[in-house]
Amino acid sequence: MTTILNGKELSRTLRSEITQQVSEFIQKTGITPCLAAILVGDDPASQVYVRNKEKACAEVGMKSQLFRLPADTTQEQLLELVDELNHDDSVHGILCQLPLPKQINEKVILDAVSADKDVDAFHPVNVGLILQGRPRFLPCTPFGIQEMLKRYGIETAGKHVVILGRSDIVGKPMAAMMVQRGIGADSTVTVCHSRTANLPSITSQADILIVAIGKPKFVTPEMVKDGAVVVDVGINRTEEGLVGDVDFEAVQAKTSAITPVPGGVGPLTITMLLGNTLKAAQGK
Ligand SMILES: NC(=O)c1ccc[n+]([C@@H]2O[C@H](COP(=O)([O-])OP(=O)(O)OC[C@H]3O[C@@H](n4cnc5c(N)ncnc54)[C@H](OP(=O)(O)O)[C@@H]3O)[C@@H](O)[C@H]2O)c1
């Protein structure tokens, strides 16, 4: 029998721990951690994500501020707002909801967010610190995956972790984290992408297979080793509803543990953002 890695339940546990820590922090310092979210334009998915982040802040006793800007905002106008928030002591975390409209260079904006308030961990300084094994913030999705592996007692030391996908948001930071020394890491890491040759021969060597490619049900049983742990990051909207990058029904019997979609990795991402905002407020 495989273990279903329940991100929804774990997220509830983590949020109640964060609520406690926020309350202790407020009692000690009189400061309420505050996340500033910037939303440019009216992309419906982005609106939902930002609303969920605001709700989550309120749930754990933190403040949030939403800055809504029109779709024709210029890069200079957005930079001005980021600069204002960088200098606002009552704001501890800043997130700029992606994607941004075409006239704005995302890299320029993400680089402008103060590294001390960069709760998404996208700033090059924070990426470098992760690579050196002394992170200030960890990016929310890989952070959630690592926390899930730890909390479920899944051994990572000496294990072959194969990561499918090399995005800056998931694949690359995940690899940088798993290769570090320490608990929840110490893995032997392989990163695969669309140019990888003989993909199934590599994925089927994985003790832990982490999939983030955005292709519905791409991973099939032949690609998975018996007894592997499979973590599915994919979120694909299809005619049959929300599905992951892994063919869950077909693959689960081969695994020792697997995340469902929805209810696996997804719920942890916002939770880790809350943790990062608290950390930013604590100045640690
Ligand atoms: N909170 C969450 O749960 C969460 C967070 C982030 C993302 N996601 C989901 O995770 C998925 C991936 O998102 P992302 O932003 O990391 O990815 P992304 O930026 O779209 O990049 C996809 C990666 O997958 C690789 N890839 C695509 N097709 C492939 C194939 N046939 N074989 C091997 N590799 C292939 C690409 O390779 P190349 O680099 O060679 O093009 C690329 O590295 C999406 O479904 C997204 O919605 C979920």
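Residues numbered from 1 in each chain as written. Predicted model: local features only at pLDDT ≥ 70, side-chain atom pairs only at ≥ 80, totals over all residues. Heavy atoms only, no water.

Caption draft 1: Representation of the site of the ligand. In the vicinity of the ligand lie 21 residues, with Arg166, Ser167, Ser194, Ile235 and Thr269 positioned nearest. One of the side-chain nitrogen or oxygen atoms of serine 167 is found 2.6 Å away from an oxygen atom of the ligand. Take valine 233: an N or O atom from its main chain is 3.4 Å from an oxygen atom of the ligand. Among the residues making up the shell around the ligand, the classes are represented as nine nonpolar, ten polar and two charged. (Near = heavy atom within 4 Å. Polar contact = N/O pair within 3.5 Å; in protein donor to acceptor, adjacent residues only side chain to side chain. Nonpolar A, V, L, I, M, F, W, Y, C, P; charged D, E, K, R; others polar.)

Caption draft 2: Summary view of the packing of helix H6 (residues 140–151) against helix H7 (residues 171–178). Contact geometry of H6 with H7 gives a least axis separation of 9 Å together with a crossing angle of 40°. Taken as axis vectors, H6 and H7 run oblique relative to one another. Both H6 and H7 take part in a crossing whose hand is right-handed. Two secondary-structure elements touch here, H6 through Pro142, Phe143, Ile145, Gln146 and Leu149 and H7 through Pro173, Met174, Met177 and Met178. (Axes fitted to C-alpha atoms, helices over the stretch in contact; angles between N-to-C directions. Helix = DSSP H or I, 4+ residues; strand = E, 2+ residues; numbered from the N terminus. Parallel < 35°, antiparallel > 145°, perpendicular 65-115°, else oblique. Left-handed = near helix turned anticlockwise from the far one by under 90°. Contact = heavy atoms within 4.5 Å.)

Caption draft 3: Layout of the domain arrangement of the chain. Looking at the chain, the domain boundaries give domain 1 (29–114) and domain 2 (140–266). Put simply, the middle of domain 1 and the middle of domain 2, counted by C-alpha atoms, are 29 Å apart. (Domains from an automatic or database assignment.)

Caption draft 4: Broad picture of the environment of phenylalanine 143. Within the secondary structure, phenylalanine 143 is located in helix H6. The exposure class of phenylalanine 143 is buried, given its relative accessible area of 19%. Separated by 29 residues in sequence, phenylalanine 143 and serine 114 place their C-alpha atoms 20 Å apart. (Buried < 20%, exposed > 50% of the residue type's maximum accessible area, 1.4 Å probe, protein only.)

Caption draft 5: Structural context of the sheet that holds strand S1 (residues 3–4). Ordered by their spatial adjacency, six strands build an open sheet running S1-S11-S8-S7-S5-S6, and the pairing between neighbours is parallel. Strands at the two margins of the open sheet, each flanked by one partner only, are S1 and strand S6 (188–192). In this sheet, strand S8 (residues 228–232) lies alongside strand S7 (residues 208–211) in parallel orientation, the contact comprising four bridges. Each residue of the ladder has a partner; that of isoleucine 210, found in S8, is valine 231. Across the face of the sheet, H7 comes into contact with strand S5 (160–164), S6 and S7 while running at roughly 170° to S5. (Pairing = 2+ DSSP bridges.)

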